[in-house]
Amino acid sequence: MRTPLIAANWKMHKTWPEAATDFTALEGELSARKAAQAALPDVVVCPPYPMLALYPLLFPGGASFALGAQNVHHEASGAYTGEVSAPMLTVLGAAYVIVGHSERRRDFGEDAVVGAKVARALEHDLTPIVCVGETLDARRAGETEAVVGAQLAAALAAVTPEAAAAGRLVIAYEPVWAIGTGEAATPEAAQAVARFIRAEVAERFGAQAAEATRILYGGSVTADNLGGFLAEPDIDGALVGGASLDVRHFLRLVDLAAGRPADRTAHDGG
């Protein structure tokens, strides 16, 4: 059984004090659930780079949620002004890193280096959350599988079967047309792509790797629609943008992934 994963992508939001407050609040709530012996999914928070340093300062012994970064450079060091390397992330306690997000592909032309970033992340014991997804034009043209398949092939080119079989990959299906638009894919449509992704992983790395790989849905995820996605057999969680910025709303997503009724009185955010 794959453990559900709920990952927060804060993008370019929150200041240092705001992040410290939310980190502390989230840890308090998750710790209380653990103390009550409640089941929890794996929880990851990916703040902006400056806030990564808060994690070891606030939680020197670790926390109930894992730390993730929003990006990583494809080289381990060098003359790359303004970039952040995998060793810099791991020394701060990061365990995950988002790679190939559509905003990075679109705004910074990163399609060509996604595979190198994935390889570098794995080399330094970071679990890559590899983002794939099609534009609205591609979907209307019936090219979803062609686009996603090509993105997967490039991203996974340097991944070893051993790493894949060990569950060291997370793949997030994020249809570009649904990110930040308020228009989510239907659970059935997301499941069709997730099933395709798992089949592609199986063809490349084998059935064991396919079963070990967690596939997330991302794109206007809220507490009102997450349950539908989690009910699908090949969707193992969510990569959450706007709805992760409010701690109470994000906790509703965590509770849904844990199989508990969400607190309907909590602020909806999103």
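This structure is a prediction, so every number in the text was calculated from the model and none was measured. (Residues numbered from 1 in each chain as written. Predicted model: local features only at pLDDT ≥ 70, side-chain atom pairs only at ≥ 80, totals over all residues. Heavy atoms only, no water.)

A word on the overall build of the chain
In terms of helices and strands, the chain carries 13 helices and 8 strands. The C-alpha atoms of the chain give a radius of gyration of 17 Å, which matches the 18 Å a tight globule of 270 residues would have. In terms of its C-alpha atoms, the chain occupies a principal-axis envelope of roughly 45 × 45 × 35 Å. Across the 270 residues in the chain, those meeting the buried criterion constitute 49%. (Helix = DSSP H or I, 4+ residues; strand = E, 2+ residues; numbered from the N terminus. Rg over C-alpha atoms; globule rule 2.2 N^0.38 Å. Buried < 20%, exposed > 50% of the residue type's maximum accessible area, 1.4 Å probe, protein only.)

Considering the packing of aromatic side chains
This model, assessed by the stated rule, comprises 8 aromatic pairs. Measuring from centroid to centroid gives 5.7 Å for F59 and F65, while their planes differ by 85 degrees, and the two rings are edge-to-face. Looking at F59, the relative accessible area reads 10%, which means it is buried. Judged by its relative accessible area of 2%, F65 falls in the buried class. An aromatic cluster is built from W10, F23, Y55, F59 and F65, whose rings are joined through pairwise contacts. In this structure, K14 is placed above the aromatic ring of W10, and the distance from its NZ or CZ to the ring centre is 4.9 Å. (Phe/Tyr/Trp six-rings, centres within 6.5 Å; stacked < 30°, edge-to-face > 60°. Lys NZ or Arg CZ within 6 Å of the ring centre and 35° of its normal.)

Details of the pairing of strand β8 (residues 237-240)
What you see with β8 is no split at all: G237 and L239 on one side and A238 and V240 on the other are buried throughout. In this structure, strand β1 (residues 5-9) lies alongside β8, joined through 4 bridges in parallel fashion. Considered in β8, the bridge of L5 is made with G237. (Pairing = 2+ DSSP bridges.)

Thoughts on the pairing of strand β5 (residues 127-132)
Counting buried positions along β5 gives 6 out of 6 residues, so the element sits mostly inside the fold. Here β5 shows a buried face lined by T127, I129 and C131 and a second buried face lined by P128, V130 and V132. When β5 meets strand β6 (residues 170-173), the two strands line up parallel, connected through 4 bridges. Looking at the pairing, V130 lines up with I171 of β6.

Quick word on the packing of helix α8 (residues 144-155) against helix α10 (residues 187-205)
The description of two helices packed together rests on the angle between their axes and the distance between the axes. Across the interface, α8 lies against α10 with an axial gap of 11 Å and an inter-helix angle of 40 degrees. By the angle between their axes, α8 is oblique relative to α10. Relative to α10, the crossing made by α8 is right-handed. On α10, the residues that touch T144, E145, V148, G149, L152 and A153 of α8 are V193, F196, I197, E200 and R204. Here the residues of the contact of α8 with α10 sort into 6 nonpolar, 2 polar and 3 charged. (Axes fitted to C-alpha atoms, helices over the stretch in contact; angles between N-to-C directions. Parallel < 35°, antiparallel > 145°, perpendicular 65-115°, else oblique. Left-handed = near helix turned anticlockwise from the far one by under 90°. Contact = heavy atoms within 4.5 Å. Nonpolar A, V, L, I, M, F, W, Y, C, P; charged D, E, K, R; others polar.)

Quick look at the nonpolar core
If you look at the biggest cluster of nonpolar residues, it comprises 70 residues, and the most contacted ones within it are F23, F65, L89, V159, I197 and Y217. Of all the elements, α10 adds the most residues to this core, at 7 residues. Those residues in contact with V159 that sit more than four places away from it in its chain are V118, L122, A164, L169 and F205. (Core = buried A, V, L, I, M, F, W, Y, C linked by side-chain atoms within 4.5 Å.)

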